[in-house]
Amino acid sequence: MAVTAASADPDSPCAPTIGAERRLFTVHGVVQGVGFRPFVWTLAHRYALAGSVRNTSGAVVVEVEGPAQALDSFAADLVGRAPPLSRIDDVRTVKLPSRGEPGFVILESRGIEGAYQPIAPDAGTCADCVGELFDPADRRHRYPFINCTNCGPRFTIIEDVPYDRALTTMRHFTMCALCSSEYADPSNRRFHAQPNACADCGPRAWVCDAAGGPVPGDAVAAAGARLLSGAIVAVKGLGGFQLAVRADDEAAVRRLRDRKRRPAKPFAVMASGVDAARALAHVGEPEARVLASSARPIVLLRAAHPGRGTLAEAVAPGLDEVGVMLPSTPLHHLLLDVVGGVPLVMTSGNVSDEPIARDNAEARERLGGIADAFLLHDRDIYARYDDSVVRIVDGREHVVRRARGYCPLPVSIAGAEGAAAVLALGAHLKNTFCILRDGKAFVGPHIGDLDHPESLRHQDEALTTYLRLFRTAPAAVAADTHPDYASTRIAESWWAKGSRQERVQHHHAHIASVMAEHDLRGPVLGVAFDGTGFGEDGTIWGGEFLLCDETDFQRVGHLAPVVQPGGDRCAREGWRMALAYLRVAGLDDGEVPGWLGGEGCPDQRRWRLVGRLVAAGGIGAPVSTSAGRLFDAVASLLGVAHVSTFEASAAMRLEALARTVPRDRAATIPVPRGGSPLVLDTPALVARLTEERGAGAEPAALAATFHESLAAAVADACAELAGAAGVTRVALSGGVFQNALLLARTSALLSERSLRVFVNHAVPANDGGVSLGQAFVAASRSATRWRGGS
Ligand SMILES: [Zn+2]
Ligand SMILES: [Zn+2]
């Protein structure tokens, strides 16, 4: 049945042409919810073609009929001029007999059993909509939910495919006559814009005080006035609630820290535009492009001044980086407008590390002790999504946290098209899952640390949604080899129900995530540096050189093993690692070194106590090759930080300090290596740094020397290992390579040694990328078995 019959239109395509051809195009990719059908409609009119376009849950299917030359032009434009938010993976063309029908119509969507379709992520408000938002003559002037086919909510409101209003949380709103006519007009920017709405018919916003009492008057004005007076306002965003407070008010930011129980972890800041961001931080061309992209992520930027200009010190204490984002919704645009462009802290609406709050009632309950007021609205969020975080290194984008604006765009994996569907359950911290089917890897949103019951619920919700939307019943389920990960226990429940069991070692998965992103097949030399992962020998791994292919790996090198006195406590109390390294280097005389001191420095009693743990070894001091713990040790020994107030904070401050030194002033201390597997003698490096520190060398110079020396040692070790194995490609992954200085220097030194370097871009180098690697390995193993006929 035709939704739009265009044959009565005087501008409609011409009557059937003698000698006309008919072609069927099946377009796969992100083609729903992005204005693809009106685009096809307009294109058919431009070339005066007859036919139809239809969404199915598997693709967009187009049939057009007309002269061959016009069909060729149509086919070229179909890909070449596709709408900005679409992403075409492939177009299949079939010739059909001519039917001689008149006109071009848009047919009703049709679901196909078992078929799925990549869905567009949520997109920041487009320039056209922003223009209308602030145009007093426009009928949507200052309407907080303005959107069109080029922008607005998508994945956060979709309950099922195909993407039609009835299957989104917008189904509760009935369009008024004006909105309906836009929606039905193929020449309108809002043609089939499923969340289309206006003040007469669409969602509305309002403000509640802390007690839940409604505040009369304009919602945005009321929220803005409270923000200007220093209040904390919970704002319902696209993927969940955010907590806002003015970012230039030291007392207000500190109050937010106290109430959110987040003493030091940096807050992101929302600036009104690229120019406003420039007042806060260094914004180059690539940074500006990513800030203003439709994904609207938080971009980690170098702070403009030591005091960060107008930003309160409490926004990102002790760091030289600040996370900045631009408004992603009309509500944000209006809010920034009413506060006169004052930058706002905009952080996840949660307590500590729990998932972001989603519903109005849930927000009032969970954020009641934090927010002074709530800016609410009645468009429901179906899928909970945190803000995404990216960093630019050497002009390229690296995703650090992948959620709103990026999910659920898949990573394409060539050669995996025929493999059975795989579900990979990821790591324990910064958990994500990944569904791989038909050569597409759908990495789920950042869930967080699976220690919280709330996080497990979030994981379950998100996974259920993905399995339904992508029509997947996994044949194989992959998990880490760590027996105690909550994600491994979830996998066990699948295995118990008959899914094939695939276990993938943590660091192999890190390297495999790079291989998946770059379509690499083995052998590849991988360097996986992170905080912790379960090693094949039962010890803690985290500074690994692995010769990898897509199904297996061989450990060909690692950092020197050092014990972790107190196990996981070393990640928080880095001074414990300082002691352990000094002990290996023969430099611990049982006393806190005289030159050590400052906040968090242990007293003699604790030093001796932990010293005894080191000597005893065993379960209280497990053996570890962790690169993350090496950074903690050096941060402590250089007096930068003896404890980490949030994950890797000591290492981040060490990197920030190293950056204050020009690179040509950073010396390189050679790091001895030898043996098979090759061992990098990092305790020798720590010993040299310690001796120079004891002799009065500047900590900043030593921090720079540490980074340069480690990068050189990794590059030299890779050159030796790659030469022996006959490989030329090196993959770098693991959370430690989020250190931009280490990543840039290691990459440069590897290139100087004629090795090709591959790193993560689309998924995080941290544990958020592990699920992609697991899925890739599991799918590759099944393909290998299939090829082997066993
Ligand atoms: Zn728009
Ligand atoms: Zn309306």
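Please read all numbers here as calculations on a predicted model, not as lab measurements.

Asker: Can you tell me about the overall build of the protein, naming the residues and giving the values?
Answerer: When helices and strands are counted, the protein shows 22 helices and 32 strands. On C-alpha atoms alone, the protein measures out to a radius of gyration of 28 Å, which is about the 28 Å that the 2.2 N^0.38 rule sets for 790 residues. Dimensions along the principal axes, computed over C-alpha positions, put the protein at roughly 95 × 70 × 50 Å. Taking all 790 residues of the protein together, the buried fraction comes to 62%. Within the protein, contacts between residues separated by at least 24 positions form 72% of all contacts whose residues are at least 6 apart in sequence. Counting only carbon and sulfur atoms, one obtains 52% of the accessible surface of the protein, whose full area is about 28,200 Å².

Asker: Lay out the coordination of the zinc ion (ligand 1) in plain terms, naming residues and giving numbers.
Answerer: Here the zinc ion (ligand 1) is held by Cys126 (SG), Cys129 (SG), Cys148 (SG) and Cys151 (SG), and the distances to it run 2.3 Å. One can describe the site at the zinc ion (ligand 1) as tetrahedral: its four donor atoms subtend angles covering 103 to 118 degrees at the metal. Between the donor residues of the zinc ion (ligand 1), the gaps in sequence give the motif C-x2-C-x18-C-x2-C. Side by side, Cys148 and Cys151 carry an identical accessibility label, which is buried.

Asker: How would you explain the sheet that holds strand 17 (residues 396–401) if you had to name every residue and give the values?
Answerer: Ordered by their spatial adjacency, eleven strands build an open sheet running 8-7-15-9-10-14-11-13-12-16-17, and the pairing between neighbours is mixed. Taken across any chain shown, the strands that pair with only one partner, and hence form the sheet edges, are strand 8 (214–215) and strand 17. Where strand 7 (residues 205–209) and strand 8 come together, two bridges link them in antiparallel fashion. Paired with Cys208 across the two strands is Pro214, which belongs to strand 8. Contacting strand 10 (241–246) and strand 14 (344–348), helix 6 (residues 250–260) runs over the sheet at an angle of about 145 degrees to strand 10. Running at roughly 40 degrees to strand 16 (residues 389–393), helix 21 (residues 740–752) makes contact with strand 12 (298–302), strand 16 and strand 17 of the sheet.

Asker: Could you give me a rundown of helix 20 (residues 699–725), with the residues and numbers involved?
Answerer: The end-to-end C-alpha separation of helix 20 is 38 Å, in line with the 39 Å expected for 27 residues at 1.5 Å each. With respect to burial, helix 20 is a largely interior element, 20 of its 27 residues being buried. One or two steps after helix 20, the chain reaches Gly726, where phi turns positive at roughly 70 degrees.

Asker: Let's hear about the layout of surface pockets: which residues, and what values?
Answerer: If you add up the space inside the second largest pocket, you get close to 590 Å³. The wall of the second largest pocket is formed by 26 residues, among which Arg87, Glu397, Gly405, Tyr406 and Leu409 lie closest to the centre. Elements with a minimum of two residues in the lining of the second largest pocket: helix 8 (285–291), strand 17 and helix 13 (506–518). Of all the elements, strand 17 adds the most residues to the lining of the second largest pocket, at three residues.

Asker: If you had to explain the coordination of the zinc ion (ligand 2) to someone new, which residues and values would you point to?
Answerer: Six octahedral donors around a metal ideally sit at 90 or 180 degrees from one another, while four tetrahedral donors ideally sit at 109.5 degrees. Of the protein atoms, only Cys176 (SG), Cys179 (SG), Cys198 (SG) and Cys201 (SG) coordinate the zinc ion (ligand 2), at distances of 2.2 to 2.3 Å. In this structure, the zinc ion (ligand 2) is surrounded by four donor atoms whose angles at the metal cover 105 to 116 degrees, and the resulting shape is tetrahedral. Along the chain, the residues donating to the zinc ion (ligand 2) fall in the pattern C-x2-C-x18-C-x2-C. A residue pair is termed long-range when its members are at least 10 positions apart, and Cys176 in the loop between helix 3 (127–133) and helix 4 (177–184) and Cys198 in the loop between helix 4 and strand 7 qualify at 22 residues. Classification of Cys198 by relative accessible area gives buried; the value is 1%.

Asker: Hey, could you go over the packing of helix 15 (residues 575–584) against helix 19 (residues 682–694) for me, with residue numbers and the actual values?
Answerer: The interhelical angle for the contact between helix 15 and helix 19, taken along N-to-C directions, is 100 degrees, at an axis separation of 9 Å. Considering their axes alone, helix 15 and helix 19 lie roughly perpendicular with respect to each other. Residue-level contacts link Tyr581, Leu582 and Val584 of helix 15 to Thr682, Pro683, Val686 and Thr690 of helix 19. Here the residues of the contact of helix 15 with helix 19 are counted per class, giving five nonpolar, two polar and no charged.

Asker: Outline the packing of aromatic side chains, supporting the account with residue identities and numerical values.
Answerer: In total, this model carries 13 aromatic pairs according to the counting rule given. Residues Phe36 and Phe39 carry aromatic rings whose centres are separated by 5.4 Å and whose planes lie at 65 degrees to one another, so their mutual orientation is edge-to-face. Taken together, the residues span about one helical turn, with Phe36 and Phe39 both in helix 1 (residues 36–46) at a distance of three residues. On the basis of an interplanar angle of 25 degrees and a centroid distance of 6.3 Å, the ring pair of Trp575 and Trp607 is categorised as stacked. Linking Trp575 in helix 15 with Trp607 in helix 16 (residues 604–616), this pair joins segments that are 32 residues apart in sequence.

Asker: Got a sec to walk through unusual backbone geometry? Specific residues and values, please.
Answerer: Of note, the amide linkage connecting Gly522 to Pro523 takes the cis form, showing an omega dihedral of 0 degrees. Cis rather than trans, the peptide bond between Ser676 and Pro677 has omega equal to -5 degrees. Tracing the sequence through the fold places Pro677 in the loop between strand 29 (673–674) and strand 30 (678–680). Of note in this structure, Ala48 is not a glycine but carries a positive phi near 55 degrees. Checked against the element boundaries, Ala48 lands in the loop between helix 1 and strand 3 (50–55). In this structure, Ser754 takes a positive phi of about 65 degrees despite not being glycine. Structurally, Ser754 can be placed in the loop between helix 21 and strand 32 (756–759). Of the residues examined, Ser754 reaches a relative accessible area of 62% and is grouped as exposed.

Asker: Summarise the nonpolar core; cite the residues concerned and give the values.
Answerer: Counting 75 residues, the largest nonpolar core has Val527, Phe529, Phe545, Leu654, Phe706 and Cys718 as the members making the most contacts within it. Residue contributions to this core peak at 15 residues, all from helix 20. Residues within four places of Val527 in sequence aside, it is in contact with Ile511, Glu544, Phe545, Val714, Cys718, Val730, Ala731, Leu732, Ser733 and Phe737. Within the second largest apolar cluster, 46 residues are counted, among which are Val253, Leu301, Leu367 and Val399.

Cut-offs used in this document
- Sequence order as written defines the numbering, with residues in each chain counted from 1.
- Each chain takes a letter, starting from A, and each ligand takes a number, starting from 1, following the order in which they are written.
- The predicted nature of this model means local features are confined to residues of pLDDT at least 70 and side-chain atom pairs, given and counted, to a pLDDT of 80 or more, with totals for whole chains, interfaces and linings taken over all residues.
- Water and hydrogen atoms play no part in the side-chain values, which are based on all heavy atoms of the structure.
- Only DSSP runs of H or I with at least four residues qualify as helices, and only runs of E with at least two residues qualify as strands; both kinds are numbered from the N terminus onward.
- Only the C-alpha atoms count toward the radius of gyration. The rule for a globule is 2.2 Å times the residue count to the power 0.38.
- Only protein chains enter the accessibility calculation, which uses a 1.4 Å probe. A residue is then buried if its area is under 20% of the maximum for its type, exposed if over 50%, and partly exposed in between.
- Note on contacts: a residue pair is in contact if any heavy atoms of the two residues lie within 4.5 Å.
- Exposure was quantified through the Shrake-Rupley algorithm and a 1.4 Å probe, taking into account, for residues, occlusion by the shown protein chains and nothing else.
- For Na, K and Ca the donor cutoff is 3.2 Å, while for all other metals N, O and S atoms count as donors only within 2.8 Å; water does not appear among the atoms, so some sites may look incomplete.
- Irregular is the default label, applied whenever a site is not tetrahedral (four donors, all angles between 85 and 135 degrees) and neither square planar nor octahedral (four or six donors, opposite donors over 155 degrees apart, all other angles between 65 and 115).
- What makes two strands pair is DSSP finding at least two bridges between them.
- What counts as an axis is a line fitted to C-alpha atoms, over the stretch in contact for a helix, and the angles between N-to-C directions run from 0 to 180 degrees.
- An expected span of 1.5 Å times one less than the residue number is assigned to each helix.
- Put simply, the grid is 1 Å and covers the protein atoms alone, a cavity is a trapped set of points that fit a 1.4 Å probe, a pocket is an open set with protein on both sides within 12 Å along at least five of seven lines, and lining residues have an atom within 4 Å of a point.
- Grid points are joined across faces, edges and corners, and a volume is the space filled by probe spheres set on the points.
- An angle below 35 degrees is read as roughly parallel, one above 145 as roughly antiparallel, one from 65 to 115 as roughly perpendicular, and any other as oblique.
- When residues are grouped by polarity, Ala, Val, Leu, Ile, Met, Phe, Trp, Tyr, Cys and Pro land in nonpolar, Asp, Glu, Lys and Arg in charged, and all others, Gly among them, in polar.
- Two rings from Phe, Tyr or Trp (for Trp, the six-membered ring) form a pair when their centres are within 6.5 Å of each other. A pair whose planes differ by under 30 degrees is stacked, one over 60 is edge-to-face, and the rest are tilted.
- We call a set of buried residues a nonpolar core when its members are Ala, Val, Leu, Ile, Met, Phe, Trp, Tyr or Cys and they connect through side-chain atoms within 4.5 Å of each other.

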